[in-house]
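Commentary on secondary and tertiary structure
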Amino acid sequence: RGAGASRCCHHARGGSTARPRRRAMAFEVFDDVAFYWFLFSVMVMVIVPMSYSFLSTLQLRPPADWTRQLDSCKEKNERIERERRKDLMSKLFGWRGVGFICSWTLLIALAMRLTVMQNEEMYTFNPYRILAIEEGAEPGEIKKAYRKMSLKFHPDKNQDDDPEKNSCLCPAKEAADLFIKIAKAYETLTDDATRDNYEKYGNPDGYHGTSVTIGLPSWLTDKDNELAILVAYFVALIVIIPTVVGLWWRNSSKFLEDGVMQNTAYRFYRQISEHTAAKFMPGILSSAVEFSEAVPCRNNQADDLSKLHNRVREQFVKNQGDVNNDIMKVKTLLYAFLLREPVPPSLQADMQFVLSASHRLLNGLLNICMEQRFVTATINVIEFSQLLTQAMWFHSNPLLQLPHFDMAQVKACSRLLDGGGKDAKASSPIEKLRALGPQKRREALTKLSESQHADIDRFLTNFPEIEISFDAKVEDEEDVQEGDVLSLTVKVERKHLPEDPDWVDSDEEDDEPDEDMFSKELAHLEPDSEEYEAKKEELMDEWRDAYYERQKRKREREKARNPQSGELGFAARPLHEPVPVHAPHFPEERHEQWMVLLVDVKSNKLVGYQKLSQNSRFEKVALKFLAPKEGVVHYEIHCLCSAYLGLDKKVLMKKSIVKRKEEEKKTAAELAEEEDEEEEEEDEEPEGKWYYLGGNSFGELILNIIALAIAGVMLFNFLYSRGLWQKYVQPLADWVLMIAWPFLSLVGNKLLPGWLWFSTNVYDFRHVSFLFENMTAVDMDANASLSTRVKNDTSFLNEDPFKPNLFNQMGDRD
């Protein structure tokens, strides 16, 4: 027995179940308990925000919608409600829903595991606790406890893996580990040196530096698992992560920020121009790559598509892409929807997809028009969005937007409105009809039932009505000079929305107070006395404090109401929910979207634009632009709605621009002082490093490279347009290329396969060619510019040689 105990003591010094790794000045311990706590903390940090993100997408209740009370939208709302429930179930049982359930199940199981392990602690060597005795026990108690526990956990009595067959009621491996701990604890407490070390340093071997308990499982240090762990690390770091990032980049690089594919934006850019009419918008929209990939022209749909095309072909407007089957299919579907033609069952799913993606693509087309400062094209894109929402043909009567209205009701109302019911303030037919009142409308529309009249009254109550006001000024200046920054504030009131209690329109005493404001408080004091001046100064300080506090609240309120970022002014979160739109023919829910445009009348260019984002009754839009040359300038402020016809408003703004005043001449002393200050500032700046190209950091090096690249492109453009590049530089470049060609060929042959794979599978560079639209090149033979040739490149609209043309019978109509 003594020899066995001695061997056990020898092994006790070398190991434990927690597998410590000792060093000269410190040792690390891999602890399973700490790992579980660490894993639980990490899972909580990841699962809670992901669960919030997932639950926020679940729409348990339908949003408030006044159109749900209309019989004209009953069928559409029932279908949307069924789709909403179906979408909710698909989300709950989709990959995110399954992940949500599994992650919370795993978290709860881990929490229960930690509850079971609550009596266990992170690895610490406590000989008193191991021997189940109190600290400071006598040697006799220590020996007695050791004899009792060593007999219970001795390996000779615990050799079976079945706990029921062992004396300690635990597996053989666990009993052996506990026996080693018991032997080490007994040795520590019976040896004076080790016991003194433990009481001083908490370690029987004395001070060993810092002790670190690592929250990782102990099986990571098991030699049997080394190969599996290395393989797992290799697969995760070398295979999985690069693959996921590559797939994400390959997919995201195809799209722009507004969700439109780059190739689609390329096609839109090629076809749109300043004076593109609204009748050409269906053809331009049909050329989107999203449509050709999702709803291509299929052979089993040829008969139905041909019949549908024959019904709408009389209204067709010819576009460049009319020879492409895929484009013609989408164009036919759009024409059928605008003309309210019934669609065959085989094409209804494709029609649903086309309409669901149309407004997102129109938003991308609108951004292209606004970025190029097109006025007519921008207004026409918004007009086509109105027609598409209401399923109405070009130049249709706006009264067809009303529920239960057809041409018979339109004719009856037109006679009444043209006869004597005209309101001087009303401009559109719908506003005139609203001004008549319920009684006169019922007298004119006798064929409609009372419930239908109730729907019309509810529609007219919620039909938008706006009022525009503006204020244009230069901050801290009375007049507007050439080159000044004009600040235009446009206030839009949407009268059909409820009152906004937080709206405050006044400037709240922006000016300094007059002296008469404090006459009552200063009446009992003698003027010009010390008490009078002191009291007046005290009152002024109180007024200024109150004024600054009001201005602070005003800025906070304006910031909360208009959290605009960027030129388009998209808000992080609107103040109110989107306003529903009455669109019974459109298959999806539509909401009001308003755009404010500032147009220079003389040049017919778009000066500024801003989207209304707060969905509140009152909303302000801030636009800043440079004042033009001296003279009287006329601007137009447009407020356009993307969902209803007949609502667009326009107001004129006239501004007088004066010539900039010459700056006052400064004296020689002032000029010398400014020069000294500039020299001091230059002396304070550190000198740049040559390896940073004159910069002081790596960031400045990147900026210098970009600046040099831009300057090089501009120099190349200048030399090429003058013919100097072809005459002098190109021969020298050809000679250098000829000398270096063997080396370049060798390197190119090695890199070409990788470049072809990257450009084909990861990133398509063809769409960036339009970025060089302004680069012109002299063509000695044709005398045509590169921009002209590139602009006329519409090969993507050509006929597909592998598909027969199904629309040969289409008539041409401009």
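Residues numbered from 1 in each chain as written. Predicted model: local features only at pLDDT ≥ 70, side-chain atom pairs only at ≥ 80, totals over all residues. Heavy atoms only, no water.

Points about the overall build of the protein chain
- For the protein chain, the count of helices and strands is 25 helices and 11 strands.
- Counting all 814 residues of the protein chain, 37% fall into the buried class.
- Across the protein chain, every contact between residues at least 6 apart in sequence was considered, and the portion connecting residues at least 24 apart equals 70%.
- Working note: accessible area of the protein chain is about 49900 Å², and carbon and sulfur atoms make up 56% of it. (Helix = DSSP H or I, 4+ residues; strand = E, 2+ residues; numbered from the N terminus. Buried < 20%, exposed > 50% of the residue type's maximum accessible area, 1.4 Å probe, protein only. Contact = heavy atoms within 4.5 Å. Areas by Shrake-Rupley, 256 points an atom, 1.4 Å probe, with all protein chains shown as cover.)

Looking at a negative patch on the surface
- A cluster of acidic side chains, namely E538, E542, D545, E549 and E556, defines a negative patch on the protein surface.
- Among the structural elements, D545 can be located in helix 21 (residues 530-561).
- What makes D545 exposed here is its relative accessible area of 53%. (Patch = residues over 30% accessible without salt bridge, like charges linked within 9 Å, V, L, I, M, F, W, Y side chains within 5 Å. Salt bridge = Lys/Arg side-chain N within 4 Å of Asp/Glu carboxyl O. Lys, Arg positive; Asp, Glu negative; His and termini not counted. Charge placed at Lys NZ, Arg CZ, Asp CG, Glu CD.)

With respect to the packing of helix 7 (residues 172-190) against helix 8 (residues 192-201)
- Relative orientation of the contacting elements helix 7 and helix 8 amounts to 95°, with a least axis distance of 5 Å. If you check the angle between helix 7 and helix 8, you find them roughly perpendicular. Of helix 8, the residues touching helix 7 (which contributes E187, T188, L189 and T190) are D192, T194, R195 and Y198.
- Split by residue class, the contact of helix 7 with helix 8 holds two nonpolar, three polar and three charged. (Axes fitted to C-alpha atoms, helices over the stretch in contact; angles between N-to-C directions. Parallel < 35°, antiparallel > 145°, perpendicular 65-115°, else oblique. Nonpolar A, V, L, I, M, F, W, Y, C, P; charged D, E, K, R; others polar.)

Considerations on the pattern of salt bridges
- Tallied over the entire structure, the rule returns 19 salt bridges.
- In this structure, R85 and E81 form a salt bridge, with 3.3 Å as the shortest nitrogen-oxygen distance. With R85 and E81 both in helix 3 (residues 74-92) and four residues apart, the pair spans about one turn of that helix.
- Here R617 ties to E499 by a salt bridge, and the two come within 3.5 Å at their closest N and O atoms. In this pair, R617 sits in the loop between strand 8 (605-611) and strand 9 (618-626) while E499 sits in the loop between strand 6 (485-494) and helix 21, placing the two residues 118 residues apart along the sequence.
- Taking relative accessible area as the criterion, R617 reaches 12% and is therefore assigned buried.
- Assessed through its relative accessible area of 57%, E499 is described here as exposed.

Side note on the side chain of T264
- Mapped onto the elements, T264 comes out in helix 10 (residues 262-271).
- For T264, a relative accessible area of 0% puts it in the buried group.
- A distance of 2.5 Å separates polar atoms of two side chains, one belonging to T264 and the other to E290. (Polar contact = N/O pair within 3.5 Å; in protein donor to acceptor, adjacent residues only side chain to side chain.)

Structural notes on the packing of aromatic side chains
- With the rule as written, the count across this model stands at 15 aromatic pairs.
- Aromatic rings pair up to connect F316, Y335, F384, W393 and F394 into one cluster. (Phe/Tyr/Trp six-rings, centres within 6.5 Å; stacked < 30°, edge-to-face > 60°.)

Brief notes about the pairing of strand 11 (residues 649-658)
- Strand direction decides the pairing type here: strand 5 (residues 480-481) and strand 11, joined by two bridges, are parallel. Paired with Q481 across the bridge in strand 11 is V658.
- Sheet topology places strand 10 (residues 631-641) next to strand 11; nine bridges connect them, and they run antiparallel. Pairing of C639 across the sheet is with K649, part of strand 11. (Pairing = 2+ DSSP bridges.)

Looking at unusual backbone geometry
- If you check the backbone angles, A391 has positive phi at about 55° while not being a glycine.
- Residue placement: A391 occurs in the loop between helix 16 (376-390) and helix 17 (407-419).
- At N615, a position not held by glycine, the phi torsion is positive, near 55°.
- With respect to the secondary-structure elements, N615 resides in the loop between strand 8 and strand 9.
- Residue classification places N615 among the buried positions, given a relative accessible area of 11%.

Focus: empty space enclosed by the protein
- On inspection of all chains with the given rule, the structure shows two cavities of 30 Å³ or more.
- Considered as a void within the structure, the largest cavity measures approximately 70 Å³ in volume.
- Lining the largest cavity are D65, T67, C73, K76, N77, P580, V581, A583, E589, R590 and H591. (1 Å grid on protein atoms, 1.4 Å probe; cavity = no way out; pocket = protein on both sides within 12 Å on 5 of 7 lines; lining within 4 Å. Points joined across faces, edges and corners; volume = space filled by probe spheres on them.)

Some remarks on the sheet that holds strand 6
- Taken together, the three strands give an open sheet; going across it, the order is 4-6-9, and neighbouring strands pair in antiparallel fashion. What marks the edges here is a single partner per strand, and that holds for strand 4 (466-473) and strand 9. Geometrically, the sheet is characterised by an average inter-axis angle of 20° between neighbouring strands, direction not taken into account.
- Where strand 4 and strand 6 come together, eight bridges link them in antiparallel fashion. Looking at the pairing, I466 lines up with R494 of strand 6.

With respect to the sheet that holds strand 7 (residues 594-600)
- Strand order in the open sheet made by the five strands is 5-11-10-7-8, with mixed pairing throughout. Taken across any chain shown, the strands that pair with only one partner, and hence form the sheet edges, are strand 5 and strand 8.
- Contacts between helix 16 and the sheet are confined to strand 7, strand 8 and strand 10, with strand 10 contributing the most and set at about 20° to the helix.

Description of the packing of helix 15 (residues 345-371) against helix 16
- Where helix 15 meets helix 16, the closest approach of the two axes is 9 Å, and the angle between their N-to-C directions is 170°. With respect to helix 16, the axis of helix 15 lies roughly antiparallel. Within the contact between the two elements, helix 15 uses L355, S358, H359, L362, L365, L366, C369 and M370 and helix 16 uses A377, T378, V381, I382, F384, S385, L388 and T389.

Focus: helix 6 (residues 139-153)
- Here helix 6 contains 15 residues, and its C-alpha end-to-end distance of 21 Å stays within 8% of the 21 Å for a straight helix at 1.5 Å per residue.
- Among all positions in helix 6, only I142, A145, Y146, M149, S150 and F153 are buried. Taken around the axis of helix 6, the buried residues stretch over an arc of 125°, which confines them to a single face. Relative to its buried face, helix 6 has exposed residues pointing more than 90 degrees away, namely K144 and K148. (Expected span 1.5 Å × (residues − 1). Arc of directions from axis to C-beta.)

Comments concerning the confidence of the model for the protein chain
- Looking at the protein chain, the pLDDT average stands at 78 and 77% of residues meet or exceed 70.
- Taken element by element, the predicted model of the protein chain shows its lowest mean pLDDT in helix 25 (residues 786-791) (36) and its highest in helix 16 (95).
- Every residue in residues 763-792 is under pLDDT 50, and counting partners more than four places away or in other chains gives 47 contacts.
- Taken as a whole, residues 809-814 scores under 50 in pLDDT and shows 16 contacts with residues more than four places along the chain or in a different chain. (pLDDT = per-residue confidence, 0-100.)

Structural notes on the environment of Y609
- Inspection of the secondary structure assignment puts Y609 in strand 8.
- Given the relative accessible area of 5%, Y609 is considered buried.
- A sequence separation of 238 residues divides Y609 from E371, and the C-alpha atoms of the two residues are 9.6 Å apart.

Structural notes on the environment of Q271
- Following the sequence through the fold, Q271 ends up in helix 10.
- Note on Q271: relative accessible area 13%, which makes it buried.
- It is 9.8 Å that separates the C-alpha atoms of Q271 and M281, two residues lying 10 residues apart in sequence.
- A distance of 3.2 Å separates a polar side-chain atom of Q271 from the backbone oxygen of R267.
- Separated by 2.8 Å, the side chains of Q271 and S287 make a polar contact.

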